[in-house]
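Residue strings, one per chain:
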Amino acid sequence: MSELTGARFVLAVADLAASRNFYIRVLGFEEEAIHAPGWAFLRRDAVRLMLGECPDAPPAGTLGDHAWFAQIEVRDIHSLYEKVRGAGGTILAELAERPWGMTEFCLRTIDGQRIVFAELTA
């Protein structure tokens, strides 16, 4: 059977420098050694982001329910939650155990996308 070995998300962002800084400062991503004009390539563990500067694209925050782009599973979600809060990240749903067996919180990115971070409840 095939194996899924990671996740890569391609996101349109209005201000590449500001968005790059957000993912590094708030979520602990690091810049990869890939360079292309108008793009930033970031990684943290098995998750990769490709941020493409699109200043004329509709802001994700205006898309309502369509502003979701990922649910990322985490080990030690409490630590990540405290890091995000301490770095000034915008929490849309506080850390809580959910009836579907996950402990989750939801973050809004600087561009208005929504990310759910989740850990299996023990």
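Notes on the structure follow. (Residues numbered from 1 in each chain as written. Predicted model: local features only at pLDDT ≥ 70, side-chain atom pairs only at ≥ 80, totals over all residues. Heavy atoms only, no water.)

1. Details of the pattern of salt bridges
Note that side chains of opposite charge can pair when their charged atoms are close. Here the structure, examined in full by the defined rule, presents five salt bridges. Between Glu31 and Arg20 there is a salt bridge, with the nearest N and O atoms lying 2.7 Å from each other. Placement of Glu31 in strand β2 (residues 30–31) and of Arg20 in helix α1 (residues 16–27) is noted, with a sequence separation of 11 residues between them. With a relative accessible area of 37%, Glu31 lands in the partly exposed category. Taking relative accessible area as the criterion, Arg20 reaches 29% and is therefore assigned partly exposed. (Salt bridge = Lys/Arg side-chain N within 4 Å of Asp/Glu carboxyl O. Helix = DSSP H or I, 4+ residues; strand = E, 2+ residues; numbered from the N terminus. Buried < 20%, exposed > 50% of the residue type's maximum accessible area, 1.4 Å probe, protein only.)

2. Describing the layout of surface pockets
What the largest pocket holds in volume is close to 610 Å³. What lines the largest pocket is a set of 22 residues, and nearest its centre among them are Val47, Ile72, Glu73, Val74 and Arg75. Going through the elements one at a time, β1 (7–13), β5 (68–73), α2 (77–86) and β8 (114–120) are the ones with two or more residues in the lining of the largest pocket. Per element, the largest residue contribution to the lining of the largest pocket is four residues, and it comes from β8. Here the residues of the lining of the largest pocket are counted per class, giving 13 nonpolar, three polar and six charged. (1 Å grid on protein atoms, 1.4 Å probe; cavity = no way out; pocket = protein on both sides within 12 Å on 5 of 7 lines; lining within 4 Å. Points joined across faces, edges and corners; volume = space filled by probe spheres on them. Nonpolar A, V, L, I, M, F, W, Y, C, P; charged D, E, K, R; others polar.)

3. Regarding the pairing of strand β3 (residues 39–44)
Examined bridge by bridge, β2 and β3 share two bridges and lie antiparallel to one another. In the sheet register, Glu30 faces β3, and the bridge partner there is Arg43. Where β3 and strand β4 (residues 47–53) come together, six bridges link them in antiparallel fashion. Pairing of Phe41 across the sheet is with Met50, part of β4. (Pairing = 2+ DSSP bridges.)

4. Examining the sheet that holds β1
As a general point, the strands of a sheet are linked pairwise by backbone hydrogen bonds and lie either parallel or antiparallel. Strands sit in the order β1-β4-β3-β2 across an open sheet of four strands; the sheet is mixed. Of all the strands in the sheet, the pair left with one neighbour each is β1 and β2. In the packing of α1 onto the sheet, contacts are made with β1, β2, β3 and β4, and the angle to β3 comes to roughly 10°. (Contact = heavy atoms within 4.5 Å. Axes fitted to C-alpha atoms, helices over the stretch in contact; angles between N-to-C directions.)

Remember, this is a structural readout, not a statement about activity or role.
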